[in-house]
Structure formats: C-alpha cells, structure tokens
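Here is what each chain is made of, one letter per residue.
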Amino acid sequence: MDDITARFKINWPSFALNVDITIPGRGVTALFGHSGSGKTTLLRCIAGLERAPQGFLSVNGEVWQDDNHWMPTHKRPLGYVFQEASLFSHLTVMGNLRYGLKRISDAQQVSLTQSIDLLGISHLLDRKPDSLSGGERQRVGIARALAVSPRILLMDEPLAALDLKRKQEILPYLEQLHDELNIPVLYVSHSPDEVARLADHLVVLDDGYVLANGSLAETLARLDLPIRLGEDVGVVIDATIGAIDEQWHLARVDFSGGSLWTRDRGLPIGRRVRVRVLARDVSLAEEHPGHSSIQNVLRGRIDAIANDEHPGLALVRVQVGDSTLVARLTKRAAAELNVALGQELWVQVKSVALME
Ligand SMILES: Nc1ncnc2c1ncn2[C@@H]1O[C@H](COP(=O)(O)OP(=O)(O)OP(=O)(O)O)[C@@H](O)[C@H]1O
C-alpha cells in the first residue's frame with residue numbers, strides 16, 4: 001500500500017493528542033498548526049520516541065507499530081532533521097555523514113553519494129562543523145538523514161533557525177529532494193511560504209486534533225474550513241512560466257484555467273512554478289472590466305459561497321478551468337452581484353505571489 005497510516009492517542013495532564021490519519025506514501029506532507037498543537041509530538045510518535053499505547057503506524061505497507069508489535073526507534077528506517085543539525089564537532093563532514101552507517105553496503109554507498117550531490121556539499125566533506133555556516137550545517141544534517149536510505153524523512157522546522165537569506169539558499173535543495181527522491185517527507189513548518197512552496201499534502205493540527213487532512217490545493221480551497229496559512233485565506237496553483245515581457249519586467253504564468261501576469265523573477269520559460277493567490281487579491285465582476293489597473297482577468301464559475309470571519313464579508317470560490325480561486329467580497333457587493341452557485345463571471349486577480 002502506497003500510503004502512511006498513523007493512529008496515536010496520548011493523554012498527558014496538560015495535553016492530549018488524538019490523531020488518525022492516512023497520508024500519501026510519497027511527496028511532501030506539511031504538518032501545520034499553531035504552537036503547541038502537537039506537531040512535534042506526532043513526529044516523535046512516528047519516530048518511536050514517544051510510545052502511544054494502542055497506537056498504529058504503517059509506512060508504505062510495513063507495520064512499525066500495532067497492538068502486538070512496537071518497533072524501537074533504532075530499528076525504524078527513518079531520517080529525522082531538527083531545527084539545528086547536531087553534528088559531532090571532532091569529526092569532519094564526511095565523518096559525520098558516515099557515522100551511524102555501520103557497514104556501508106553498496107546500496108547505501110550510492111545513497112550517501114546521492115545525498116552529498118543532492119545537498120551540494122561535496123566541497124565541504126573535509127571541513128569540521130565549526131567552520132560551516134548555519135545553512136551549510138543544516139544541509140549536512142539533511143544529507144546525513146538521507147544517507148541511511150530512510151523510508152520516511154521527518155523534518156521538524158528544518159529552516160526555522162536560519163535567517164531569510166540562508167532559508168532561500170536551502171529551499172531549492174529541498175525542492176530538488178522533492179522532485180528527485182521517492183521518499184515521503186513529513187515537514188513541520190510555521191512558514192506559509194515553505195508550505196505553499198514545498199507541500200503536496202497538508203495536515204492541519206489544532207490542540208492535538210486533526211482539523212484538516214487533504215491535498216494542499218483542495219485543503220486550501222475549502223470554504224467550510226478556511227485555512228489561514230498565514231495572514232489570509234488563499235489558494236496555491238501549479239503553473240508554468242509561459243512568456244516573459246521584457247519591456248515591462250513581467251512573467252506570464254500559465255495554468256489550466258488561463259494565464260496570470262506577475263513580476264518577472266528571472267525564471268526561464270517552461271519552468272514549473274507554484275503561485276499563491278490570496279482571497280483579498282481576488283475580486284469578481286459581471287461585466288468584463290475592460291481597461292483596469294488589474295490586468296489579470298479570467299472567466300470562472302462560482303461553486304461555493306460561505307461566510308467569512310467578519311459578518312460583513314463573504315468568501316466565494318470560483319472554478320477557473322481545473323483550478324480554484326477564492327475571492328473575498330463584502331456581503332453588500334455579493335448581494336449587488338447576485339452571487340449564486342453556478343454563476344459565471346469575471347475574476348480579477350490583483351496580485352500573484354510566485355513561489356520560487
Ligand atoms: N513529554 C511531554 N510530557 C508532557 N507534555 C508534553 C511533552 N512533550 C510535549 N508536551 C506538551 O504537548 C504540547 C504539544 O507540544 P508539541 O511540541 O508537540 O507542539 P508543536 O505543535 O510541535 O509546537 P511548536 O510549534 O511550538 O514546536 C505542548 O503543550 C507541550 O508542552
């Protein structure tokens with residue numbers, strides 16, 4: 001079975017975890033939730049560092065824990081990456097990578113070489129950890145976690161200790177892992193940008209419970225349960241750079257529902273990207289707006305309407321091709337537009353964030 005099933009119940013005096021989820025056995029699943037919602041505790045249960053009685057865990061068909069059987073942490077084929085890589089200071093980078101790989105089999109040797117390549121650390125192998133930057137240390141930590149050929153990679157806020165510049169340096173490596181490795185990744189993050197950029201699947205925890213569990217695109221477009229990844233409700237769309245307007249420094253991103261113009265970030269035509277569109281940047285109109293400062297105009301069909309948090313506001317979900325956008329309108333505007341399910345109208349998108 002190509003999936004991961006985790007059922008854990010923990011009752012501590014001040015906190016209870018009650019999780020029963022099945023998530024894909026490949027790709028990146030982001031674990032999102034406010035501080036103290038149980039993200040690290042769930043990772044620790046999966047790693048066998050916390051023992052939930054009567055728990056169940058299977059990873060792509062292999063049962064690691066059930067009523068009769070509990071695999072100890074050191075037997076679980078997993079990689080664990082923490083906020084800060086704790087490397088042995090007396091060993092070189094290579095020594096750190098090899099540590100724990102008792103007898104390096106041929107298969108593992110390939111994996112070690114592959115980990116070094118994927119994280120771009122071949123020039124650092126003879127260095128000692130003290131001479132590395134925080135970002136380099138973290139890349140070594142991730143390579144070390146991969147070198148054991150894990151069946152699952154657990155990453156607990158791997159970029160949280162780094163400044164923005166270092167984060168931006170490491171994100172492309174994480175994207176490459178995502179594209180090139182077949183290892184499922186459970187990725188804990190507080191950062192909307194990281195989640196929007198890396199995740200395929202999203203699990204939202206709230207006070208030890210699972211609030212939502214589904215594909216990133218579908219979960220973010222749920223109006224019954226608007227998920228604020230950051231400052232606002234918004235969707236993520238997979239797209240491709242389709243054209244560059246050099247005169248105006250703009251890039252056109254094409255997706256199944258049409259095209260959107262955004263600031264040119266120097267990415268080549270054909271590059272797959274993700275764009276994030278926030279509800280506050282989407283508006284609706286009955287008539288084509290013609291000349292307007294908003295240049296992104298698409299045709300869509302309303303498929304859901306819900307109240308927003310404020311009584312004066314509504315969220316309206318619009319299908320544009322195979323993609324979904326969410327607009328925030330005042331209820332007065334919604335009444336004037338007579339918004340109704342199935343209605344076709346023009347969708348204006350003021351701003352698009354390119355996740356690259
Ligand atoms: N061993 C333990 N015994 C008792 N309570 C614990 C234990 N470990 C964690 N907790 C509590 O469980 C709750 C969840 O903690 P956890 O670290 O899983 O949250 P989190 O979502 O990862 O938070 P953050 O985003 O701040 O890292 C917290 O209230 C924490 O104090």
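Residues numbered from 1 in each chain as written. Predicted model: local features only at pLDDT ≥ 70, side-chain atom pairs only at ≥ 80, totals over all residues.

A word on the site of the ligand
Line of reasoning, step 1. Taken together, W12, S14, F15, G33, S35, G36, S37, G38, K39, T40 and T41 make up the full set of residues adjacent to the ligand.
Line of reasoning, step 2. The dominant element in the shell around the ligand, judged by the number of residues it contributes, is helix α1 (residues 39–47), at three residues.
Line of reasoning, step 3. Of the residues contributing to the shell around the ligand, the split by class is two nonpolar, eight polar and one charged. (Near = placed C-beta within 6 Å. Helix = DSSP H or I, 4+ residues; strand = E, 2+ residues; numbered from the N terminus. Nonpolar A, V, L, I, M, F, W, Y, C, P; charged D, E, K, R; others polar.)

Let's talk about the sheet that holds strand β15 (residues 272–278)
Line of reasoning, step 1. Here five strands make up an open sheet; going across it, the order is β14-β13-β12-β15-β21 and the pairing antiparallel. The open sheet terminates on both sides in strands that have one partner only, identified here as β14 (258–263) and β21 (353–355). The mean inter-strand angle of the sheet, taken between neighbouring strand axes irrespective of direction, is 45°.
Line of reasoning, step 2. Direction of pairing for β15 relative to β21: antiparallel, over a ladder of three bridges. (Pairing = 2+ DSSP bridges. Axes fitted to C-alpha atoms, helices over the stretch in contact; angles between N-to-C directions.)

Some words on the sheet that holds strand β18 (residues 313–320)
Line of reasoning, step 1. Strand order in the open sheet made by the five strands is β16-β20-β17-β18-β19, with antiparallel pairing throughout. The outermost strands of the open sheet, each flanked by one partner alone, are β16 (282–285) and β19 (323–330). Each neighbouring strand pair of the sheet contributes to a mean axis angle of 45°, computed without reference to strand direction.

Some remarks on the environment of E50
Line of reasoning, step 1. Here E50 lies in the loop between α1 and β4 (56–59).
Line of reasoning, step 2. A sequence separation of 194 residues divides E50 from I244, and the C-alpha atoms of the two residues are 51 Å apart.
Line of reasoning, step 3. Discounting residues that sit within four places of it in the chain, E50 has contacts with I10, T41, R44 and C45. (Contact = placed C-beta atoms within 7 Å.)

As for the environment of D245
Line of reasoning, step 1. One can find D245 in strand β12 (residues 234–245).
Line of reasoning, step 2. Along the primary structure D245 and R263 are separated by 18 residues, whereas in three dimensions their C-alpha atoms are 9.6 Å apart.

Describing the pairing of β4
Line of reasoning, step 1. Of the two faces of β4, only the one carrying L57 and V59 is buried; F56 and S58 on the other face are not.
Line of reasoning, step 2. One ladder, built from three bridges, connects β4 with strand β5 (residues 62–66); its direction is antiparallel. Bridge pairing in β5 links V59 to E62.
Line of reasoning, step 3. Connecting the antiparallel pair β4 and β5 is a turn made up of two residues, with N60 showing a positive phi of about 45°. (Buried ≥ 20, exposed ≤ 12 C-beta atoms within 10 Å, placed from the backbone.)

Focus on the domain arrangement of the protein
Line of reasoning, step 1. On domain assignment, one finds that the protein holds domain 1 (3–220) and domain 2 (234–355).
Line of reasoning, step 2. One C-alpha centre belongs to domain 1, the other to domain 2; they are set 34 Å apart.
Line of reasoning, step 3. On the side of domain 2, seven residues touch domain 1, which itself brings six residues to the contact.
Line of reasoning, step 4. When residues of the side of domain 1 that touches domain 2 are traced back to their parent elements, those giving at least two are α6 (192–198) and α7 (216–220).
Line of reasoning, step 5. Grouping the amino acids of the side of domain 1 that touches domain 2 by side-chain chemistry returns four nonpolar, no polar and two charged. (Domains from an automatic or database assignment.)

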